[in-house]
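# Close look at the chain arrangement
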Amino acid sequence: MLKLIHLKVLAILSIYIFIAQSAKVIHEPGRCIWYDQCGTNPDTGKPVNCFYNGKAKPLMDPEGLKILNDLCPWLVTGDHPLTCCSTSQMKTFQGSLQVPQQTFARCPSCYRNFANLYCMMTCSPDNSLFVNPTKVINVTDSSYLKIEKLTPKDIGQDVTNEEIKETKVLAAENSPKNITNSTTAITSIDYILAHDYADGFYNSCYHVNFPSSNVKALSLFCGLCGGYDKCAPECFLNFMGDINNGQTPFAINFTITDNPLPDNMVAANHTAHKCSEGVGNSSLPCSCQDCPATCPPSPPRPMPTPPCMVGKLGCVTFAMIMGFIAFVMVFTLAFICCVKSNKCHQGTSLNAANEDIFYRKPAITEKDVGCRESIGQKEQQMLNMLFQKWGTMCAGHPFVVLFIGLVVICGAGIGIRQFIVITDPVELWSPPKSQSRLEKNYFDDNFGPFYRTEQLIITAPSFHAKPYETYQGETIPFGPVLQKEILHQVLDLQDSIANLKVPYKDSTITLDDICYKPLSENCTIMSVLNYWQNSHKELDRVQKDQQGFWTVADYHDHFMACIVAPTSLNDTSRLHTPCMGTFGGPIFPWLAVGGYDAANYNNATALVITMTVNNYKNEDPKLEKAKVWEKGYLTYMKQFTAENRNPNLTIAFYAERSVEDEIDRESNSDILTIALSYLLMFAYVTFALGQYNSIERLLIDSKIVLGLSGVALVLCSVVAAIGILSFAKVPATLIVIEVVPFLVLAVGVDNIFILVQAYQRDVRHNYESRAEHIGRILGQVGPSMLLTSSSESIAFYLGALSDMPAVKAFSLYAATAVFIDFLLQITCFIAVLALDSGRQENNRFDMCCCIKNKMAGEAPKEPGLLYRAVCYYANFLMNDVVRYITIIFFALLAFASGIGLSKVEIGLDQKLSMPEGSYVIDLFNAQANYMTAGPPVYFVVRDGFNYTEVENQNMICGGSGCNSDSLTSQVYNAAQLSDISFIAQPASSWLDDYFDWVSPGGEYTCCRTDYDGNFCPATEDNDNCTTCRPLSEKQKRPDPEEFTKFLPFFLKDNPTVKCSKGGHAAYGAAVTFDNKEKTKVGATYFMTYHSILKTSSDYISALRNAREVADNITKMMNHTNDDGTYFDVYPYSVIYVYYEQYLTMVHDTWFNLSMSLLAIFIVTFLLLGFDVYSALIIVLTIALITLDLIGLMYVWSVDLNAISLVNLVMSVGISVEFCSHITRAFAISTEPTRVKRSIAALSQMGSSVLSGITLTKFLGIVVLAFSKSQIFQVFYFRMYLGIVVFGASHGLIFLPVLLSFIGPPVNKARLLEDEDNRLRVKNSSADERSPLITPRTDIQGYTNA
C-alpha cells in the first residue's frame, strides 16, 4: 500500500514539473487559481469556476460576506476580506454543502472540517499554493484547452508584464484559441492536502452515524474502497472528488503528502477539529455515538458468571455426589443397627402369616388410643359406611342410576356446541395480562400490527463461487447465488410470485392487493434483486470503455457499490444506477443475502427474499384476504419444489400462516396414531378385567362389556367436562384434546381395576345380597378412590392458578374431568358392575347375555395368576438385602436426577413444533444456517412525553448536545456489546434526523413552505417555496411551536438526493399524534435489530437484555422528573410474546408443582384420618418421581417449556395413583410389623396398580413412539414413558420398602376395633355375624371367616 502511495506521489510530482515547465501557472501566497463562474461542465451539468491566476480580490457583496461568514468564518479577516471566490461561487458552494450538512451536521467538528476542506479550495486567497488546474474548457464551444502561450487577457486584468513573461498561453488542442476568464473554465484540478489535516478530518467523521439506515455516514462515501471497514482518507477523498458521485461539479484529484512540492506549492493544512472538541463558542463536542473519545468511561465488559466448580466437577454435581455418599453412610449405619437390634426383622414366614388370629390376646386398650387416632378411625368408619350405603343403593337400582347418569352426561355435553379450540400461539402461551401481551397490544393499537412476512431462502448447491476481476484489476470472489444466471432465474421466480393470482370470492387477488407500500405504488420486497429494481434489463446493463472494448462496470460493480451504500440513488460505479428498491426504501445487504463471512456480502451462498404484507387484528375482515393469498402462495411453492421446476435452486419458503397451518396439520396427521394408542388401551382393559380359569366359562367370566363400559364412562367424563367448561366460556387447546383423555383414562382405569378385582377376590357373605356385596366392596375401596381422585382434582384446580393460558386450560379441564370420572365410577360403573355380576352369576355370555350356559357351574373365587405373583414378589421385596439395595438404588437415582435438575434447558426448539418433513423445518434450518440478522426490535416511548422541551429532547437524541445516557446512546452502547446484548445496531432516531431535516442551510433546504404556509416536498421544485426557518437558526433546534408545526411535514417527506433526511421512508409509522391537528406527539418508537438468534436461549437472552436496556432508559428519563409524571420505555419485538414465558418458566414450574404437592398433602392428611406420616410419605414419593422425571428430561434432551410443564403437573396427578392406594392400604393395616403391613398393602393393591394404570398406559405409550409428530415423540412418548416407569417403580418397589422402614405406626383405634371384631366373630356362629362386622383379610386376600 505504501508503495502505491509513493508511486502516486511521484506521478503527481512529475505532472507538476511538467505543468510548471509548460504552463508556468503562478503559485504564491495571495494568488488565486480561479474566480467567479463560467457556465457549466458538460460532463456533470453543474457550474464550474473561471480560470483566474491573479491576485485575490476583496469580497464586497454583503450577501457574499454573509455566506462566507456562515460557511468559512475563519476567512473573514476584515470588512472586505480577500478571497478567490465571488458571491455566485459562494451560493453554489452553499448549495453543495446541503447533503454533507444533513449527513455530518450531527457532529459539528466533522461538518466544520468538511466545510473547511472546501473553504480552503474555493475561497482561500492562497488557493494557488495547493490547487493546480489540470484541465480547462472553453465554455462557448465546450472544447478542451491546453496551455501554450499567455496574454494578460487570458488570466485576468491585473496580471503584470513580468508575470506574462513567466507563463504560457492556453490554446485549443486542434486550433489554438484565446482564453479569457469569462469563457475559460476549470474542469479538473489537483488538490494537495497535508496528512495532518486529511487524517484529522477523516478521523473526526469516522464514527458519525446515519440514523435512518443504521449505518455509519462514511459508508455512503467509501463505495470505491469496498466498504466502511476498508475505508481510508484517500478513498474517502477520492469519492468526494469523483464526478461520478453525482454531487461534485468538476474532478478533484486529492493528493495527501508532506513531501516538498515544486513551484512554491505547499500542501493545504488547517486546524482539523477533533470530534471531542467544540467548534467555536456555539457548538459542543460530538456525541458519544459519533465520537468514542467523548464517551464516559465504559463500565467493565460484563463477563459471564464463571461456573461454580469444585476441582473439575460442578458444584451441583459435587454436592449431589457428596450428598449421596453421606446418605449411603448414614443409611448403612442405621440399617446395620436396625438389623442387629432385630427391629428390621422382616417376619415373612407364611406360617406366621397364617397364624390363628382368633387366639391373640388384646394388646391395646382404650386408654392407649389417642385423640387423633380416634378421630381418624371414626372418619374412616364414616367414609366406609357412606360408600357402602351409596354403593348398595346404586347397585340395587342400576337402570335408574344409568338413566340419570345418561341424562346428566347429555345435558353437560350440550355445551360442546360452544367448544372453542385455541391454535393461535399468542393466545396459547402468552397470558392476556402478561407484560409482553400488554406491550404488544399497545404497539398494535398505536402503530398497527407488525406486518406479515412471506420469505424465501434460496441456494444454488450445484453452482460454485467465481472470481470477478474489476476494471482496475482487483479480483473479487462472488458466491454461487450471485452468478448472473442464478439471479435471472431467481428474478423469474420472484416475478411469478408477485404476479400470482389467487381466487378470492368473485375475483382474484395478487400480492399487490395486500402488500405493504410505505412510499410508492410498489410492494416492499426486500430482495437483492431490488438493487437492479427487479429488472432483467438493469441486471444485464454494462458500461464499456471509450473504445467499447473493455467492460468498465457491470452488475458486479453495482452490487459492490450498493452493499456499501444501500441508500444511494446513484451508485459509485460507472453505471450510475440507483440502489434503492422500487418501493422507495433501501435494501440492507444483511437482510437480502446470507451465508457470508464477516461483512463480505459478495461471498453469499444464499439469497433471502422477504415480502411484507399488511397485517390486521384478528377481527378485521381484511385479514382474510391476506391469508387467502398466503395459502395460494404456499400451494404454488409446494408445487414448484415438488415438481423440481428449477433444478438449479434449492428453496426454503414460509408464510405468516405457516406455523399455525402446520400445527393444525400435525394434529390431524397423528389422529390415527392417537386412535391406535387408545384402541390398544381399550382392548387391554376390556380383556384384562376378565377371569380366565376354564374354557367352559371363558365367555362368561370375560369382562368385555364391563371394560368397554368403564372406558366409555372415562370418555363421557371428558365430554361432560368439555361441555361444562364450554358453557363457562373456557377455551380449550390442543394439549387438552391430546393429554386430558390420556390422564383421565389412567386415573379411571386404575380405579376400575381396583374396584373390579376387589369384587372378584372377595366372597359374598351369606346374609348379603348382590347389591350389598358390591356396596361393601365400594365401602372398602371407595375411600381410596376418593383419596386419589380428590387429590388429583384439587391439585389440578390449583394448577389453574397459573397465568399461562395453555397450563390454565389443561388444569381446569383435567380437574373437572377427573372429578366427573370419579362420580361416574361410583354411580354408573357400580350400576354396570351390578348388572354384569348378575349376568356372570347366571352363567350368561358376556357379549350375548341372552345366551346361557347351564353346564358352566359357579364362578370360582380364586386369586388370579398376577395376584399370586405379586404376593410372592412382595415377600421377596421385603428381604433385608433387597430392601437395602432398593433404598440405595433409588437414592442414587434421585441424586443423579438432582444433577440434571439444574441442567435442563429452557425453551422449545421451534422445529419440534412442526411435523416431520414439514417445509417449515427446511425454512428454520435455512435461517439458522444462512441468516445473519435477527428480528427488528422497537424501543417504544409511551405517549405523554413532551418532545418540544430541550431537556426532554436531550434524553432521547444521540447527536451533539444530547445526554450521554440518552435513549439512543444507551441503545448504541448496547450494540457495541452485541454478543452480550443481542442488539446488533444503534437505533434509528427520528428525532436526530428531524433536527437535521429542519435545520436551515444551503441553497436547497429540506424544510420548505410556500407563501400560504403549505409544505413543499423535497421532490418538487417550486420557486415559491422558501426555507421554514431563517439561516440565523442554523445551529439551533426548533422552538416548541416550530417543532410541532414542522414535524408532520418531516414525516411525509420522501428522501431524495437533495434531501436524504426525509422521514417518510424510515419514520412514517414511528411517530403518532394524540390529536387530529397533529400538534401533540403521542407514542413513538426507535427501531434497531437483534443479532442473529438461533436457539431458545438466544431468544430468551435477547428479550431479557432488551428489557434491561429499556429499564435503564426509563430510570434515566424519570430521574430528574419532578412534576410527578412517569415516562415509560419498553422494547417490543414480534417474538417476545412467545418467549416471555421462559423468563418465569422455572418459577412457574416450582409454583405449579409445589401447589399440586401441597394439595395432595392436605387431601391425603384429611382423608387418611389426619395421618401426617402417610401424607408426607406420599408427597415424598411423588416428589422423587417428579425429580427423576426431570432428570430424564435432561438425559433425553426434553426442554422445559409449557408442554413439559403440563406433563410434569400431570405426572404429579398420575403419581398419586401409584402411591396413594398402597399407602392407604398400609395405613389401615393392623399387621404386627411394618414389614408385614408392607407385604399386605403391596399384595392387596399391587396387582391392581400393575395391571391397571401401569400396563394400560405402557401399551398406549409405546404406540406414540411411531408418531410423525416430533412433539409427540419428544414431549409425550418420552415423558409419558418416564411417568409410567418411574411411577410404577416407585409405587411398586420403592414405596413398600420405604413404608417397611418409616411407615406410619398402626392406628391404635383401628387395631382395638379390629381385635374387638375378631373376638365377636370368634364368639358367634357364621349365620349370626352382624353385617356391620367386616372380617379381616389376611395377606393373601382370603377372608378369615
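On to the overall build of the protein, then. Within the protein, the secondary structure is distributed over 45 helices and 32 strands. Across the 1345 residues in the protein, those meeting the buried criterion constitute 57%. By sequence separation, contacts in the protein at least 24 residues apart represent 75% of the contacts at least 6 residues apart.

Bringing the nonpolar core into the picture now. Of all hydrophobic cores here, the largest spans 374 residues; its most connected members are Phe104, Tyr191, Leu456, Tyr633, Phe810 and Trp997. Broken down by element, this core gets its largest block of residues, 21 residues, from helix 28 (residues 805–841). In terms of nonpolar packing, the next biggest core, distinct from the first, is built from five residues, Cys32, Tyr35, Tyr52 and Cys84 among them.

Below, the discussion takes up the pattern of salt bridges. On inspection of all chains with the given rule, the structure shows 28 salt bridges. Here Arg106 ties to Asp290 by a salt bridge, and the two come within 2.8 Å at their closest N and O atoms. You can see Arg106 sitting in the loop between helix 4 (98–104) and helix 5 (108–122) and its partner Asp290 sitting in the loop between strand 11 (251–256) and strand 12 (309–310), a full 184 residues away along the chain. Of the two residues, Arg106 and Asp290, both sit in the buried class. The closest approach of N and O atoms between Asp992 and Arg106, which form a salt bridge, is 3.7 Å. On the criterion of sequence distance, the pair formed by Asp992 in helix 35 (residues 990–998) and Arg106 in the loop between helix 4 and helix 5 is long-range, its members being 886 residues apart.

Moving on, we get to the environment of Gly838. Tracing the backbone through its elements, the reader meets Gly838 in helix 28. Residue classification places Gly838 among the buried residues on the basis of a relative accessible area of 8%.

This next bit is on unusual backbone geometry. Although it is not a glycine, Asp263 sits at a positive phi angle of roughly 55 degrees. The residue Asp263 is located in the loop between strand 11 and strand 12 in this model. Of note, the phi angle at Lys1078 is positive, near 55 degrees, even though the residue is not glycine. Inspection of the secondary structure puts Lys1078 in the loop between strand 30 (1071–1073) and strand 31 (1081–1091). A relative accessible area of 42% places Lys1078 in the partly exposed class.

For the rest of this paragraph, the subject is helix 15 (residues 435–447). Helix length check: helix 15, at 13 residues, gives a terminal C-alpha distance of 18 Å against a target of 18 Å (1.5 Å per residue), a fit within 8%. Within the sequence span of helix 15, burial applies to Ser436, Arg437, Glu439, Tyr442, Phe443, Asp444 and Phe447. Two residues or fewer past helix 15, Gly448 is found with a positive phi of approximately 90 degrees.

Attention now moves to the side chain of Ser1238. Position of Ser1238 among the secondary structure elements: in helix 43 (residues 1234–1264). Judged by its relative accessible area of 1%, Ser1238 falls in the buried class. A distance of 3.2 Å separates a polar side-chain atom of Ser1238 from the backbone nitrogen of Ser1300. Once residues lying within four places of it in the same chain are set aside, the contact partners of Ser1238 are Met878, Phe1226, Pro1296, Leu1299 and Ser1300.

This part covers the packing of aromatic side chains. The tally for this structure, following the rule as stated, stands at 64 aromatic pairs. Relative to Tyr206, the ring of Tyr202 lies with its centre 5.5 Å away and its plane at 50 degrees, an arrangement referred to as tilted. By relative accessible area, Tyr206 is classed as partly exposed at 21%. Linked through ring pairs, Tyr994, Phe995, Trp997, Phe1015, Phe1043, Phe1046, Phe1049, Phe1050 and Tyr1067 together constitute an aromatic cluster.

In this model helix 27 (residues 770–799) runs 41 Å from its N-terminal to its C-terminal C-alpha over 30 residues, within 8% of the 44 Å that 1.5 Å per residue would give. Where helix 27 bends most, the angle comes to about 45 degrees, and this point is Val781, followed within four residues by the proline Pro783. Judged by how many residues are buried, helix 27 sits mostly within the fold: 24 of 30 residues are covered.

This brings us to the environment of Thr134. Considering the arrangement of structural elements, one finds Thr134 in strand 5 (residues 131–138). Distance from Thr134 to Thr187, taken between C-alpha atoms, is 7.9 Å for residues 53 residues apart in sequence. Residue contacts for Thr134: discarding those within four places in its chain leaves Ser188, Ile189, Asp190 and Asn253. Within polar-contact distance, the side chain of Thr134 engages the side chain of Ser188 at 2.7 Å.

Inspection of the secondary structure assignment puts Val1109 in helix 38 (residues 1096–1119). Separated by 22 residues in sequence, Val1109 and Pro1131 place their C-alpha atoms 8.5 Å apart. Excluding anything up to four places from it in sequence, Val1109 contacts Phe939, Gln970, Val971, Ala974 and Ile983.

Turning next to the sheet that holds strand 30. Either a parallel or an antiparallel arrangement is found when strands of a sheet pair, and the pairing is made through backbone hydrogen bonds. Taken together, the four strands give an open sheet; going across it, the order is 30-31-27-32, and neighbouring strands pair in antiparallel fashion. Every interior strand has two partners, whereas the edge strands, strand 30 and strand 32 (1129–1132), have only one. For this sheet the average axis-to-axis angle between neighbouring strands, irrespective of direction, equals 20 degrees. In this sheet, strand 31 lies alongside strand 27 (residues 933–941) in antiparallel orientation, the contact comprising seven bridges. Note on strand 31: the bridge partner recorded for Val941 is Thr1084. Seen against the sheet, helix 15 touches strand 27, strand 30, strand 31 and strand 32 and runs at an angle of roughly 90 degrees to strand 32. Packed on one face of the sheet, helix 38 meets strand 27, strand 31 and strand 32 and runs near 160 degrees to strand 32.

Turning our attention to a nonpolar patch on the surface. A cluster of nonpolar side chains, contributed by Val310, Leu313, Phe318, Ile321, Met322, Ile325, Met329 and Val330, occupies part of the molecular surface with about 670 Å² of accessible area. Along the chain, Val310 falls in strand 12.

Close contact between helix 26 (residues 734–761) and helix 43 brings their axes to 9 Å; oriented N to C, the two are set at 145 degrees. Crossing of helix 26 against helix 43: the hand is right-handed. Mapping the contact onto sequence places Phe742, Leu745, Ala746, Val749, Asp750, Phe753, Ile754, Gln757 and Arg761 in helix 26 and Gln1244, Met1245, Ser1247, Ser1248, Val1249, Ser1251, Gly1252, Ile1253, Thr1256, Lys1257 and Ile1261 in helix 43. Residues that form the contact of helix 26 with helix 43 fall into these classes: ten nonpolar, seven polar and three charged.

With that out of the way, let us pick up the packing of helix 41 (residues 1172–1195) against helix 44 (residues 1270–1302). Remark: helix 41 packs on helix 44, axes separated minimally by 9 Å, with the N-to-C direction vectors making an angle of 145 degrees. The chirality of how helix 41 crosses helix 44 is right-handed. Two secondary-structure elements touch here, helix 41 through Ile1177, Leu1180, Thr1181, Leu1184, Ile1185, Asp1188, Leu1189, Leu1192 and Met1193 and helix 44 through Arg1278, Met1279, Gly1282, Ile1283, Phe1286, Gly1287, His1290, Phe1294, Leu1295, Leu1298, Leu1299 and Ile1302.

Of all five residues in strand 25 (residues 650–654), four are buried; the element is thus mostly enclosed. Direction of pairing for strand 15 (residues 452–459) relative to strand 25: antiparallel, over a ladder of five bridges. Of the residues in strand 25, the one forming a bridge with Leu456 is Phe653.

The tally for this structure, following the rule as stated, stands at 15 disulfides. Here Cys562 is linked by a disulfide to Cys579, with a sulfur-sulfur distance of 2.0 Å. On the S-S bond that ties Cys562 to Cys579, the torsion sits near -85 degrees, and the link is left-handed. Taken together, the residues Cys562 in helix 19 (residues 555–564) and Cys579 in the loop between helix 19 and helix 20 (589–592) connect sequence positions 17 residues apart. A relative accessible area of 0% means that Cys562 is categorised as buried. Judged by relative accessible area, which is 0%, Cys579 ranks as buried. Sulfur of Cys394: no disulfide; nearest cysteine sulfur belongs to Cys828 and is 8.2 Å away.

For the rest of this paragraph, the subject is the pairing of strand 5. With six of its eight residues buried, strand 5 lies for the most part within the structure. The sheet contact formed by strand 5 and strand 8 (residues 184–193) spans seven bridges and is antiparallel. Counterpart to Asn132 in the pairing with strand 8 is Asp190.

Moving on, we get to the confidence of the model for the protein. With 89% of its residues at a pLDDT of 70 or more, the protein shows a mean pLDDT of 84. Here residues 147–181 scores under 50 on pLDDT; set against residues more than four positions off or in separate chains, the count is 79 contacts.

Calculation rules
- Each chain has its residues counted from 1, running along the sequence as written.
- Given that the model is predicted, a residue must reach a pLDDT of at least 70 before its local features are reported, and side-chain atom pairs must reach 80 or more before they are shown or counted; all residues, however, enter totals for whole chains, interfaces and linings.
- With hydrogens and water stripped out, all remaining heavy atoms of the structure feed into the side-chain values.
- Helix and strand labels come from DSSP, where a helix needs a run of H or I of at least four residues and a strand needs a run of E of at least two; each type is numbered from the N terminus.
- Summary of the burial criterion: residues with accessible area below 20% of their type's maximum are buried, those above 50% are exposed, and those between are partly exposed, where the area comes from a 1.4 Å probe applied to protein chains only.
- The contact criterion used is simple: two residues touch if any of their non-hydrogen atoms lie within 4.5 Å.
- For the purposes of this section, nonpolar cores are sets of buried Ala, Val, Leu, Ile, Met, Phe, Trp, Tyr and Cys residues that join through side-chain atoms within 4.5 Å.
- Salt bridges are defined by distance alone: a side-chain nitrogen of Lys or Arg within 4 Å of a carboxyl oxygen of Asp or Glu.
- Every helix has an expected span of 1.5 Å times one less than the residues it contains.
- Pairing of N or O atoms within 3.5 Å defines a polar contact, subject to two protein rules: one partner must be a possible hydrogen donor and the other a possible acceptor, and residues neighboring in sequence count only if both atoms are side-chain atoms.
- Paired rings are identified among Phe, Tyr and Trp, the last through its six-membered ring, by centres lying within 6.5 Å, and are further divided according to the angle between planes into stacked (under 30 degrees), edge-to-face (over 60) and tilted (the rest).
- What is called the bend at a residue is the angle between a pair of axes, fitted to the seven residues leading up to and ending at it and to the seven starting from it.
- Strand pairing follows a simple DSSP-based rule, namely that at least 2 bridges must link the two strands.
- The axes are straight lines fitted to the C-alpha atoms, using for helices just the contacting stretch, and the angles between their N-to-C directions are given from 0 to 180°.
- In this scheme, patches are assembled from residues that exceed 30% relative accessible area and form no salt bridge. Like charges are connected within 9 Å, while nonpolar side chains (Val, Leu, Ile, Met, Phe, Trp, Tyr) are connected within 5 Å.
- Residue-level accessible areas treat just the shown protein chains as cover; the underlying method is Shrake-Rupley with a 1.4 Å probe.
- Crossing handedness is defined as follows: a turn of the near helix away from the far one that is anticlockwise and smaller than a right angle gives a left-handed crossing, while the clockwise case is right-handed.
- Following the grouping adopted for this structure description, the nonpolar residues are Ala, Val, Leu, Ile, Met, Phe, Trp, Tyr, Cys and Pro, the charged ones are Asp, Glu, Lys and Arg, and the polar ones are all others, Gly among them.
- A pair of sulfur atoms, both from cysteines and within 2.5 Å, is called a disulfide here.
- pLDDT: the predictor's confidence for each residue, scored from 0 to 100.

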